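Below are the chains, spelled out letter by letter.
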Amino acid sequence: MHVAVSKAPDSRKWREFYATKLPERIAEAEKALVQRARELFQKTGDNIEEEQALDDAMYVLHGLRSTCKRNLNMSERNPEGLDHMRTGTG
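Residues numbered from 1 in each chain as written. Predicted model: local features only at pLDDT ≥ 70, side-chain atom pairs only at ≥ 80, totals over all residues. Heavy atoms only, no water.

Looking at this structure, I do not really get the packing of helix H1 (residues 13-42) against helix H2 (residues 48-77). What am I missing?
Packed helix pairs are characterised by how far apart their axes lie and by the angle those axes make with each other. Remark: H1 packs on H2, axes separated minimally by 10 Å, with the N-to-C direction vectors making an angle of 160 degrees. The orientation of H1 with respect to H2, classified from their angle, is roughly antiparallel. Once H1 is placed against H2, the crossing between them reads as left-handed. Its residues placed into classes, the contact of H1 with H2 shows 18 nonpolar, three polar and six charged. (Axes fitted to C-alpha atoms, helices over the stretch in contact; angles between N-to-C directions. Helix = DSSP H or I, 4+ residues; strand = E, 2+ residues; numbered from the N terminus. Parallel < 35°, antiparallel > 145°, perpendicular 65-115°, else oblique. Left-handed = near helix turned anticlockwise from the far one by under 90°. Nonpolar A, V, L, I, M, F, W, Y, C, P; charged D, E, K, R; others polar.)

Have a look at this one:
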């Protein structure tokens, strides 16, 4: 059975968001984390829990950025984008 894939302009909106907004938001979050880390570096006292939380958040953002790049590369090679991930094919 053959399933038609929509080529309508609206079907690419999520890809446009994914390709533009997500990397921008990741960069904004990284910038905020770095700023807070600098503030804590200059602050006296025990900030180990917040420093660890910042490290964890940066690690997650790094993973998200890597996944975003990999998925965008897959999408560029495959016009149907990430459909194989959803359907389990490919």
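Any chance you could explain the nonpolar core here in plain terms?
When a protein is soluble and globular, its nonpolar side chains tend to lie buried together. Grouped together as the largest cluster of nonpolar side chains are eight residues: Tyr 18, Leu 22, Ile 26, Leu 33, Leu 40, Leu 54, Leu 61 and Cys 68. In terms of residue count, the dominant contributor to this core is H1 (five residues). Filtering out sequence-adjacent residues up to four positions away, Leu 61 remains in contact with Ile 26, Ala 29, Glu 30 and Leu 33. (Core = buried A, V, L, I, M, F, W, Y, C linked by side-chain atoms within 4.5 Å. Buried < 20%, exposed > 50% of the residue type's maximum accessible area, 1.4 Å probe, protein only. Contact = heavy atoms within 4.5 Å.)

Quick question: what am I supposed to make of H2 here?
Owing to its 3.6 residues per turn, the α-helix brings residues three or four apart onto one side. In a regular helix each residue adds 1.5 Å, so 30 residues correspond to 44 Å; H2 covers 44 Å between its end C-alpha atoms and thus fits that length. Here H2 has its buried residues at Leu 54, Leu 61, Cys 68, Asn 71, Met 74 and Ser 75. (Expected span 1.5 Å × (residues − 1).)

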